[in-house]
Amino acid sequence: RFCSALLWILLFTSYAIHRRVNGTPAWTAMLHPAGALILAYIVLRSMFLTLRRGGVVWRDTFYPLKTLRSANLPDPDPLR
């Protein structure tokens, strides 16, 4: 509970600072929780559709997950 309260205090403090510096309206801070929920919905829906289809549809082209996973990615630890 303490961490949650601290995060809310920091969030609204950052909005207060932005308000003073940039003139951002105070009511925008009240939209943050709704925006976070909308973003979470978008990410979860995208994940669900990608897994259900077995790939990603981008600009009318289907990219299978198998192909995407086998992509030649850079080595995360080049010092090995």
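Residues numbered from 1 in each chain as written. Predicted model: local features only at pLDDT ≥ 70, side-chain atom pairs only at ≥ 80, totals over all residues. Heavy atoms only, no water.

**Student:** Tell me about the overall build of the protein chain, residues and numbers included.
**Tutor:** Secondary structure assignment for the protein chain yields three helices and two strands. Going from the N terminus to the C terminus, the protein chain shows its helices and strands as α-α-β-β-α. For 80 residues, the compact-globule estimate of 2.2 N^0.38 gives 12 Å, and the protein chain exceeds it by more than 25% at 20 Å. Projected onto its principal axes, the C-alpha positions of the protein chain cover 50 × 40 × 30 Å. Buried positions account for 9% of the 80 residues belonging to the protein chain. (Helix = DSSP H or I, 4+ residues; strand = E, 2+ residues; numbered from the N terminus. Rg over C-alpha atoms; globule rule 2.2 N^0.38 Å. Buried < 20%, exposed > 50% of the residue type's maximum accessible area, 1.4 Å probe, protein only.)

**Student:** Can you explain the packing of aromatic side chains? Please cite residues and give values.
**Tutor:** This structure, assessed with the given rule, holds one aromatic pair. Plain terms: the ring middles of Trp-8 and Phe-12 are 5.6 Å apart, the flat faces sit at 20 degrees to each other, and that makes the pair stacked. Placement of the pair is Trp-8 and Phe-12 together in helix 1 (residues 2–22), with a separation of four residues, close to one helical turn. Look at Trp-8 and you get partly exposed, because its relative accessible area is 38%. (Phe/Tyr/Trp six-rings, centres within 6.5 Å; stacked < 30°, edge-to-face > 60°.)

**Student:** How would you summarise a nonpolar patch on the surface if you had to cite specific residues and measurements?
**Tutor:** A cluster of nonpolar side chains, contributed by Phe-2, Leu-6, Leu-7 and Leu-10, occupies part of the molecular surface with about 440 Å² of accessible area. In this fold, Leu-10 is placed in helix 1. Residue classification places Leu-10 among the partly exposed positions, given a relative accessible area of 49%. (Patch = residues over 30% accessible without salt bridge, like charges linked within 9 Å, V, L, I, M, F, W, Y side chains within 5 Å. Areas by Shrake-Rupley, 256 points an atom, 1.4 Å probe, with all protein chains shown as cover. Salt bridge = Lys/Arg side-chain N within 4 Å of Asp/Glu carboxyl O.)

**Student:** So what about the pairing of strand 1 (residues 55–58)? Which residues, and what values?
**Tutor:** On any regular strand, side chains alternate: one points to one face of the sheet, the next to the other face. Summarising the sheet, strand 1 and strand 2 (residues 61–64) pair through four bridges and their orientation is antiparallel. When the sheet's bridge partners are listed, Gly-55 is paired in strand 2 with Pro-64. Hairpin geometry of strand 1 and strand 2 is characterised by an intervening segment of two residues between the two adjacent antiparallel strands and by a positive phi of about 50 degrees at Arg-59. (Pairing = 2+ DSSP bridges.)

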